[in-house]
Amino acid sequence: GAVVSQHPSRVICKSGTSVKIECRSLDFQATTMFWYRQFPKQSLMLMATSNEGSKATYEQGVEKDKFLINHASLTLSTLTVTSAHPEDSSFYICRPGQGSEAFFGQGTRLTVV
Amino acid sequence: SQQGEEDPQALSIQEGENATMNCSYKTSINNLQWYRQNSGRGLVHLILIRSNEREKHSGRLRVTLDTSKKSSSLLITASRAADTASYFCATGPAGGTSYGKLTFGQGTILTVHP
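What counts, and where the lines are drawn
Residues numbered from 1 in each chain as written. Chains lettered and ligands numbered in written order. Predicted model: local features only at pLDDT ≥ 70, side-chain atom pairs only at ≥ 80, totals over all residues. Heavy atoms only, no water. Helix = DSSP H or I, 4+ residues; strand = E, 2+ residues; numbered from the N terminus. Rg over C-alpha atoms; globule rule 2.2 N^0.38 Å. Buried < 20%, exposed > 50% of the residue type's maximum accessible area, 1.4 Å probe, protein only. Contact = heavy atoms within 4.5 Å. Salt bridge = Lys/Arg side-chain N within 4 Å of Asp/Glu carboxyl O. Pairing = 2+ DSSP bridges. Axes fitted to C-alpha atoms, helices over the stretch in contact; angles between N-to-C directions.

J.: I'm lost on the overall build of chain A in this one. Help?
T.: Each helix and strand counted, chain A has zero helices and 10 strands in total. Listing each helix as α and each strand as β along chain A from the N terminus yields β-β-β-β-β-β-β-β-β-β. Taking 113 residues into account, the globule formula puts the C-alpha radius of gyration at 13 Å, and chain A, at 13 Å, falls close to it. Taking the principal axes of the C-alpha coordinates as reference, chain A spans close to 35 × 30 × 25 Å. Buried residues in chain A amount to 50% of all 113 residues. Of the contacts formed within chain A by residues at least 6 apart in sequence, a portion of 53% connects residues at least 24 apart.

J.: Hey, could you run me through the pattern of salt bridges in this one?
T.: Residues and elements named next belong to chain B. According to the stated counting rule, one finds five salt bridges over all chains in the structure shown. A salt bridge links Glu 55 to Arg 62; the nearest nitrogen and oxygen atoms lie 3.2 Å apart. Judged by its relative accessible area of 40%, Glu 55 falls in the partly exposed class.

J.: Would you mind going over the sheet that holds strand β2 (residues 10-13) of chain A with me for this structure?
T.: Residue and element names in this part refer to chain A. Taken in spatial order, the six strands of this open sheet run β2-β10-β9-β4-β5-β6, and their pairing is mixed. Only two strands of the sheet have a single partner each, and these edge strands are β2 and β6 (54-58). Mean inter-strand twist for the sheet, computed between neighbouring axes without regard to direction, equals 20°. Summarising the sheet, strand β4 (residues 32-38) and strand β5 (residues 44-51) pair through seven bridges and their orientation is antiparallel. Looking at the pairing, Gln 38 lines up with Leu 44 of β5.

This is the structure we're talking about:
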């Protein structure tokens, strides 16, 4: 079974609302979590790196106040898209910094209408 | 910013043929990994090659790495319709680990016709 569980797999929300995406490591402790975003027909771009117990590090051009990351435990990291807009519609996927190169979350397809 | 380019952007072949995809990158790396992504879904890890390796095999997959040219290739032999997917290379920076931050290439869309 999956060792990295990401939920939800799909979400449709109204413009202006917030959406929380969870990424759990099931059989190991993840002190680091990488969050990627993929627009349609494009590649994956690293958005931010979360570290358990400390502030996340955001890549250039990613608004930290819009994409809130919380990594409060060794098994859970969350990404909250605040005040979502249609241009935030994308595929969001997490990857732990420990465990295995093969470990990725299943991804979350966000559609903002 | 994207680390590298993948070539070709799209590849269409017949079942049974071989498919070769190339990846170039810009900075020094610790490792290079190849992933497959079926339409709209998550990533499947295919193979990892470290910076001190030149070639690796896994089943029908063969990966080469030329650090002097900062390039890698993925060969899929005897392709099947089920190989239809997008393929991405991803590099881990020098000094990092294979679990660390990855920078993805643009990807190659492979279509294998039955």
